[in-house]
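Okay, here's what each chain looks like letter by letter:
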Amino acid sequence: MLTKRIIPCLDIKDGRTVKGVNFVNLRDAGDPVALASAYADQGADELVFLDISATQEQRKTFAHLVKEIARHINIPFTVGGGISSVADVAPLLEAGADKVSVNSSAVRNPTLIDDLAKAFGSQCIVLAIDARKFHNTWIVHTHGGKNLTEKKLFAWAKEGQERGVGEILFTSMNHDGTKNGFAIDPLVKLHELLTIPVIASGGAGSMGHFADVFTLGKADAALAASVFHFGEIRIPDLKTFLKNHAIPVRL
Amino acid sequence: MKTILLKYNAGNIQSVSYALARLGVAFEITDDIENIQSADKVIFPGVGEASTTMAYLKEKKLDSVIRELKQPVLGICLGMQLMCRYSEENNTPCLGIFDETVKRFEAAKDYKVPHMGWNQLISTDGWFKSVPERSYVYFVHSYYVPVNKFTTALCEYTIPFSAAMKKGNFYAVQFHPEKSAQAGENILKSFLSL
């Protein structure tokens, strides 16, 4: 049986791991390669590395880091952050990344998705969507949640699928950093709307939240950062917990 | 022992090379025909789309080279699909080592396509002996090879399909051993110690 995936996410700036709380305050959570290896050994199913570097110089450090990660870990990983062209993606995949995620640049230029899917295959293109709920509407944001756009979550996710992404990574900005649980309702709607896998992100605080996101939210995978980085939830404990709740996991 | 990792426009050559390096295996990445023919083992990786990849192999005359190899050859993911006769992916005639047609998964309720993630091997027999029944390995694919007389391990996703196959000196896996943690490493070792 295909298992539900647990995905630690590492935000990278200038070669170091950081984690934004509500996308603002950054705390250093260690060396990316060491963290990645530790997660792989603990049974993480995949890893995501997001480059939040501001400068060109820091971006070069990231490309170098991708190679180091690929050398050391034996599970799949996705890289994202600042990708805006086919030319940006090729060196990352050549360095050993399995997938790339696009966010702001795809909102600005949706045909980028078609181009990437055609050049590299749908299976390695992830569309990351950050959205915030206003009244009853989920509005897509870009640039790490700073900029509000005209796009709405469900229409944009569907368009992404039609343009050829292989997976949707949905982050609820209302839930991110709160540790109060994932955004269940929009996840259910995404599950019903899409035929590609959905990764849920934002709000993980307890092991029960992960059980909920799979059983109630129908997510294919769940992504979290600080609960893993700061040892609040250990992946082997989490997987045992999920297994005891009849959720298929790789143990 | 000379191990060759076939160089062509596949997306996972680097990942496979890192996996071999982690196992401490000496290998060479090449598309040089004589070099491939004289190898003890050949690994035929693959991530990408069937028709463009077959066109590339033909242009480099690697299609007939692969088909006629006598030493153990391991096809991975798209590599396995290209070893079949025909792929529904853009209606592509393939190498024809396995007389099978590669089909597309149909998305269904609770079954997303691509089939992406860790799934279990069932009824494993034959060549990867060190891998227990029900081991988890990592899959990413939208097309599959139906179960057939060459199937040596099954996986289930909407229907049972071939997770691994063998015919003579040709070995193939649909999953990514280079990304399948310890189980994947054991499978690569099984092939390399044939």
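Scroll up a little and you will see the structure.
Residues numbered from 1 in each chain as written. Chains lettered and ligands numbered in written order. Predicted model: local features only at pLDDT ≥ 70, side-chain atom pairs only at ≥ 80, totals over all residues. Heavy atoms only, no water.

Things to note about the overall build of chain B
Counting secondary structure elements, chain B contains six helices and 13 strands. Counting only residues that meet the buried cut, chain B has 62% of its 194 residues in that class. Partitioning the contacts of chain B with sequence separation of at least 6, the portion at a separation of at least 24 is 67%. Entry remark: accessible area of chain B is about 7,400 Å², with carbon and sulfur atoms responsible for 49%. Positive and negative charge centroids in chain B, built from 21 and 20 side chains respectively, lie 2 Å apart. (Helix = DSSP H or I, 4+ residues; strand = E, 2+ residues; numbered from the N terminus. Buried < 20%, exposed > 50% of the residue type's maximum accessible area, 1.4 Å probe, protein only. Contact = heavy atoms within 4.5 Å. Areas by Shrake-Rupley, 256 points an atom, 1.4 Å probe, with all protein chains shown as cover. Lys, Arg positive; Asp, Glu negative; His and termini not counted. Charge placed at Lys NZ, Arg CZ, Asp CG, Glu CD.)

Digging into the interface of chain A and chain B
You'll often see interface size given as the accessible area lost when the parts meet. If you look at the interface, chain A gives 33 residues, while chain B gives 26 residues. Both sides of the chain A and chain B interface together cover about 2,500 Å² of buried area, and 53% of this is carbon and sulfur. On the chain A side of the interface with chain B, the three residues burying the most area are Leu-2, Asn-74 and Gln-123 of chain A, jointly 26% of the side's total. For the pair chain A and chain B, the interface holds two salt bridges. Salt-bridge contacts for Asp-98 of chain A lead to Lys-179 of chain B; the nearest nitrogen and oxygen are separated by 2.9 Å. (Buried area = accessible area lost by both parts, 1.4 Å probe. Salt bridge = Lys/Arg side-chain N within 4 Å of Asp/Glu carboxyl O.)

Some details on the environment of His-72 of chain A
When you line up the elements, His-72 of chain A lands in helix H2 (residues 56–72). According to the relative accessible area criterion, His-72 of chain A is partly exposed, its value standing at 45%. Separated by 35 residues in sequence, His-72 of chain A and Ser-37 of chain A have C-alpha atoms that sit 6.8 Å apart. Ignoring any residue separated from it by four or fewer positions in sequence, one finds His-72 of chain A in contact with Val-33 and Ser-37 of chain A together with Arg-22 of chain B. Among the polar contacts made by the side chain of His-72 of chain A, one reaches the main-chain carbonyl oxygen of Glu-68 of chain A at a distance of 2.8 Å. (Polar contact = N/O pair within 3.5 Å; in protein donor to acceptor, adjacent residues only side chain to side chain.)

Topic: the sheet that holds strand E12 (residues 159–167) of chain B
Residue and element names in this part refer to chain B. In space, the seven strands of this open sheet follow the order E2-E1-E3-E4-E13-E12-E11, with mixed pairing throughout. Taken across any chain shown, the strands that pair with only one partner, and hence form the sheet edges, are strand E2 (28–30) and strand E11 (151–157). When strand polarity is set aside, the average angle formed by the axes of neighbouring strands in this sheet is 25°. Across three bridges, the pairing between strand E1 (residues 3–6) and E2 is parallel. Among the inter-strand pairings, Leu-6 is bridged to a residue of E2, identified as Thr-30. Set on the sheet, helix H6 (residues 181–192) makes contact with E1, strand E3 (41–44), strand E4 (73–76) and strand E13 (170–173); between it and E3 the angle comes to about 140°. (Pairing = 2+ DSSP bridges. Axes fitted to C-alpha atoms, helices over the stretch in contact; angles between N-to-C directions.)

A word on the packing of aromatic side chains
Considering all chains together, one arrives at 16 aromatic pairs over all chains under this definition. Cluster of aromatic residues (ring-pair linked, three or more members): Phe-105, Tyr-111, Phe-139, Tyr-144, Tyr-157, Phe-161 and Phe-175 of chain B. Directly above the aromatic system of Trp-118 of chain B lies the positively charged group of Arg-250 of chain A, at a separation of 3.5 Å from the ring centroid. Note that Lys-41 of chain B overlies the ring of Phe-191 of chain B, its terminal NZ or CZ placed 6.0 Å from the centroid. (Phe/Tyr/Trp six-rings, centres within 6.5 Å; stacked < 30°, edge-to-face > 60°. Lys NZ or Arg CZ within 6 Å of the ring centre and 35° of its normal.)

What about helix H6 (residues 153–163) of chain A?
Residue and element names in this part refer to chain A. Along H6, the positions that sit buried rather than exposed are Leu-153, Phe-154, Trp-156, Ala-157, Gly-160 and Gln-161. Projected onto a plane normal to the axis of H6, the buried residues spread over an arc of 165° and lie on a single side. Exposed and facing more than 90 degrees away from the buried side of H6 are Ala-155 and Glu-162. Gly-164 lies just past H6 and shows a positive phi near 115°. (Arc of directions from axis to C-beta.)

The values reported here are purely geometric and, on their own, carry no functional implication.
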